[in-house]
Amino acid sequence: MKFETESCPLDEPDEDVSGLSLVAVKARLFRETDERRRAQCMARIQSHAVQLTLDLLVREPDPESFFRVLMRALLDQTESHSCGVWLLNEDSTQCNLWMAYIGDQFYPKEGNDWGELTLPREDLSTHLLAFAEGWKDTIEYSGDDSRFPESVRALNHSVGLTTVAIVPLILPTRNLGWIALSTGDAPAEYAPWRRATLEAIARQVTLALHQSQLTEQSLVEARRQAVLEERNRIARDIHDTLAQGFAAILMQLQSVQRASASLPPNIARSIDTAVDLARSHMIEARRSVGALHPHDIEAGDVGAVLERTTELARRTTDIPIELVIEELPALGAGVEREIIGIAQEALTNAVRHARARNIRIHASSSRSVGFRLSVADDGRGIAKEQFGAGFGLTSMQERAERIGGSLTIITAPRAGTEVVLAWEPPAFSIPTS
């Protein structure tokens, strides 16, 4: 690895050197020249890293391709053996290897060769999470550094790695993870420049990762909005066509039904059956609209919406439905909207499919700050081969995941079904004595 230097004219010394010997003056000039050259080299390293990143962002819009080329460039410029990127999860409690470049082989996490990696991932992950100094500053290790776990030291010895530098990927608000750069035999005088190059590229990696995560979040939100818009469109179509059509048919049949006293009994019975079918399908169409496009609610009225939902269900079935609402915690409108969606879906399933004799809905607080919802029936339960196959169960699970809740379905053949939603604020924890 070559680090070019350029001679630059020196400014006039800031201090009076008239009283110094010629040897002292030369020593000071040499020291200042060396410091300036170091500063110029650092500036070139930073500029080169920025230019390299900008070029790659244009040429390699795919994140995997971008990081593959960037890691290869880092290995070439630092004459190193391997490089790995470790990423933290959103709450910074887990750290996992995302991709690695070892020798001439690139290993992406989703690649076919990922399982061939023999790195002690868990041990190094545990070290990165626990080593507080490494969360803020670059840490340089020797290959057999006692701070490393034994498995990491053994690997370094087996492949001849003498130094490992690990730099954090720091944003102003959080740490995204680390880049680890491993090197074999190399002149000691190259160590400062290798570290400077690693830190310069790490800054660009941090920005690229952050931008990639923001883009992914935007895509997820766009997909979610597209799904909501499609659901709303389908709900409008059902409401404007099927539901309204069944309502009009029902009105006509009821008009005929009122004159059925003069009709033969078999025709009257057929009309009665048609009225029941039209009414049943109109109710199902409206229920589908409600499931696809639940009414927006204001924060704090989840109990009232549960009461309205239960009362509507009571008018469409002969099954007794018991509703118990205890004192509820304060919930945001977004959380309440998902809770109502889960309650509607669970109640609809119990009414339509359970063949239950009784249904019970229970909403309460959990440890004063959390929320618990139970929708239970004494029906036929969910068969093993059907469990998890329905769209309704998947929809409830997705709603629970969106608010960070836990959805549990307790069921057994001929023993009924209970859908339990448990939710707690993200920052909640049980106080210790």
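Residues numbered from 1 in each chain as written. Predicted model: local features only at pLDDT ≥ 70, side-chain atom pairs only at ≥ 80, totals over all residues. Heavy atoms only, no water.

Points about the overall build of the protein chain
How we decide: Secondary structure counts use DSSP, requiring at least four H or I residues in a row for a helix and at least two E residues in a row for a strand, with both numbered from the N terminus. Exposed residues in this analysis have more than 50% of their type's maximum accessible area, buried residues have under 20%, and partly exposed residues fall in between, with area computed by a 1.4 Å probe over protein chains only. Any two residues having at least one pair of non-hydrogen atoms within 4.5 Å are treated as being in contact. Reported accessibility uses the Shrake-Rupley method at a 1.4 Å probe radius. Residues are deemed covered only where the shown protein chains occlude them.
From N to C terminus, the protein chain includes nine helices and 11 strands. Split into buried and exposed, the 433 residues of the protein chain put 37% on the buried side. Within the protein chain, contacts between residues separated by at least 24 positions form 62% of all contacts whose residues are at least 6 apart in sequence. Split by element, the accessible area of the protein chain, about 25300 Å² in all, is 53% carbon and sulfur.

Brief notes about the environment of Ser260
Locating Ser260 in the fold gives a position in the loop between helix 5 (191-258) and helix 6 (265-292). Distance from Ser260 to Ile271, taken between C-alpha atoms, is 8.1 Å for residues 11 residues apart in sequence.

Observations concerning the packing of helix 2 (residues 63-78) against helix 5
In plain terms, the rule: Axis angles are defined between N-to-C directions and span 0 to 180 degrees, where every axis is a line fitted to C-alpha atoms and, for a helix, only to the segment in contact. Our angle categories are set so that under 35 degrees counts as roughly parallel, over 145 as roughly antiparallel, 65 to 115 as roughly perpendicular, and the remainder as oblique. Three classes are used, and their members are as follows: Ala, Val, Leu, Ile, Met, Phe, Trp, Tyr, Cys and Pro are nonpolar, Asp, Glu, Lys and Arg are charged, and the others, Gly among them, are polar.
One can describe the packing of helix 2 onto helix 5 by two numbers: an axis separation of 10 Å at closest approach and a directional angle of 175°. For the element pair helix 2 / helix 5, the angle class is roughly antiparallel. Contact with helix 2, carried on its side by Pro63, Phe66, Phe67, Leu70, Leu74, Gln77 and Thr78, involves Arg194, Thr197, Leu198, Ile201, Val205, Ala208, Leu209 and Ser212 of helix 5 and no other residues of that element. Class assignment for the residues of the contact of helix 2 with helix 5 results in 10 nonpolar, four polar and one charged.

Considering the confidence of the model for the protein chain
What counts here: What pLDDT conveys is the predictor's confidence in a given residue, as a value from 0 to 100.
For the protein chain, per-residue confidence averages 81 on the pLDDT scale, and 88% of positions sit at 70 or higher. Between the elements of the protein chain, mean pLDDT differs from a low of 75, seen in helix 1 (residues 22-59), to a high of 95, seen in strand 7 (residues 321-325). When the criterion is pLDDT under 50, residues 1-15 qualifies, and its contacts beyond four places in sequence or with other chains add up to 25 contacts. In this model residues 428-433 is a low-confidence stretch, pLDDT under 50, and it forms three contacts with partners more than four residues away in sequence or in other chains.

Concerning the sheet that holds strand 11 (residues 417-423)
As a reminder of what qualifies: For two strands to count as paired, DSSP must find a minimum of two bridges between them.
The five strands lie next to each other as 7-8-9-11-10, forming an open sheet whose pairing is mixed. A strand with exactly one partner marks an edge of an open sheet, and here the two such strands are strand 7 and strand 10 (406-411). On average, adjacent strands in this sheet sit at an angle of 10° to one another, irrespective of strand direction.

As for the environment of Leu421
Mapped onto the elements of the fold, Leu421 is located in strand 11. Along the backbone, Leu421 and Val375 are 46 residues apart, and their C-alpha atoms lie at a distance of 8.9 Å. The contacts of Leu421, once residues within four sequence positions are left out, are Ile339, Ile342, Phe371, Arg372, Leu373, Ala400, Ser406 and Leu407.

Observations regarding the pattern of salt bridges
We count it as follows: What counts as a salt bridge is simple: a side-chain nitrogen of Lys or Arg found within 4 Å of a carboxyl oxygen of Asp or Glu.
Considering all chains together, one arrives at 16 salt bridges under this definition. Across the salt bridge formed by Arg224 and Glu221, the nearest N and O atoms sit 3.0 Å from each other. Taken as a pair, Arg224 and Glu221 lie in helix 5 at a separation of three residues, close to a single helical turn. Residue classification places Glu221 among the partly exposed residues on the basis of a relative accessible area of 36%.

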